[in-house]
Amino acid sequence: MAKVQFKNADKIYENSKTKTIDNLNLEIKDKEFLVLVGPSGCGKSTILRMIAGLESISSGDLFIGSDRVNDTHPKDRDIAMVFQNYALYPHMTIKENMAFGLKMRKFSKEEIEKRVNEAAKILDLEEYLDRRPKQLSGGQRQRVALGRAMVREPKVFLMDEPLSNLDAKLRVQMRSEIKKLHKKIGTTFVYVTHDQVEALTMGDRIVILNKGYIQQIGTPQEVYSNPDNIFTAGFVGSPAMNFFDAKIISENEMEIIGQKISLPKSLQDVIINNNLVGKDVIFGLRPEFFAADGNSSLTVIPALIELLGSEKLVHFSFKDKKYCAKIPQDFDINETKQAQLPFYIEKGLFFDKKTEKRLR
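1. A word on helix H3 (residues 109-122)
With 14 residues, H3 should reach 20 Å at 1.5 Å per residue; the first-to-last C-alpha distance of 20 Å fits that figure. Turning to H3, its buried residues number three or more, namely Ile112, Arg115, Val116, Ala119 and Ala120. Seen end-on, H3 carries its buried residues on one side only, within an arc spanning 130 degrees. The exposed residues of H3 that point more than 90 degrees off its buried face are Glu110 and Lys121. The secondary structure elements touched by the buried residues of H3 are helix H2 (94-104) and helix H4 (138-150).

Below you can see the structure in the form of structure tokens.
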């Protein structure tokens, strides 16, 4: 078991002079399940490959446990990596695939047998050990890839979008399987995904990245309920948060989409603390905070209504900007007809228009 720590780490690709990771300071706790999440090109896989030793660190330091590992060969870092394409040997049986790494490290036959059987039991693969990868489903093959990593008993598990090749139903199932696995073996997990739902449901903590910079680190609840900036607020949550251009008229009133809205004390305090009267800000409101018993409302003309079973999404726009509300399916509202959309005004957040940082 081990913690992983980056100190002032940069990654610059010499051929393009592009700085992919800029001054990274990050501590991954011992036995923690940490998720790196962000859009394509944000640097999350690069960070994972730096931990694995597959990418060098241009400057700064990387520690695994108490050891500085900048120049340590990947095979000597005591980590195991699970890839999105499984990387199984098609000509080998499942048992041979799981045992291969141990054989290369000259483990005894008895120890290999013991570790493979223990991993197969945990992952429910015992009856498949004599089969080959092509005879297994995608989910089973992913479990084999996990088992191959498990038998090494590494200090750190690295997972690079391991569920991206699975269908939606299997992804949900495998999310819970990986979380159970983490609890059983009690090892540090670093997990990369671009799927924020995966991040919210799996991580003890989440690191949200954009363009090589950390935007926010926190528990799933922290990054959802208390985003530090517009990027985090818009990236976490599905559908994404609505961002309205707002004019602060007074300490207790603002204007959005041409309508005046009275403000509760919690938002009045933000206005006073930041001297916002007369200024333009961004007002953020999640689609799920629209509700029939809301204490405020907006007058809208729905452009599209999507039924999602127990809920429906109401899409509307104002001056070419699009917004979305998630409401109960029995809420009485029709497309192209003017309607009132109630919402919880106290759930809204203010953001600075220039810096895009949350105002508190």
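Read on, since the account is not over.
2. Quick notes on the packing of H4 against helix H5 (residues 168-185)
Look at H4 against H5: their axes get within 11 Å of each other, and the N-to-C directions meet at 20 degrees. Classed by the angle they form, the pair H4 and H5 counts as roughly parallel. The handedness of the crossing between H4 and H5 is right-handed. Residues Gly138, Gly139, Gln142, Arg143, Leu146 and Met150 of H4 form the contact with H5, whose own contacting residues are Leu170, Met174, Ile178, Leu181 and Ile185. A breakdown of the residues in the contact of H4 with H5 according to their chemical character gives 7 nonpolar, 3 polar and 1 charged.

3. With respect to the side chain of serine 296
Among the structural elements, serine 296 can be located in strand S15 (residues 296-300). For serine 296, a relative accessible area of 13% gives the class buried. In contact with serine 296, other than residues within four places in its own chain, are Ile261, Leu341, Pro342, Phe343 and Ile345.

Reading the values: the criteria
- Residues numbered from 1 in each chain as written.
- Predicted model: local features only at pLDDT ≥ 70, side-chain atom pairs only at ≥ 80, totals over all residues.
- Heavy atoms only, no water.
- Helix = DSSP H or I, 4+ residues; strand = E, 2+ residues; numbered from the N terminus.
- Expected span 1.5 Å × (residues − 1).
- Buried < 20%, exposed > 50% of the residue type's maximum accessible area, 1.4 Å probe, protein only.
- Arc of directions from axis to C-beta.
- Contact = heavy atoms within 4.5 Å.
- Axes fitted to C-alpha atoms, helices over the stretch in contact; angles between N-to-C directions.
- Parallel < 35°, antiparallel > 145°, perpendicular 65-115°, else oblique.
- Left-handed = near helix turned anticlockwise from the far one by under 90°.
- Nonpolar A, V, L, I, M, F, W, Y, C, P; charged D, E, K, R; others polar.

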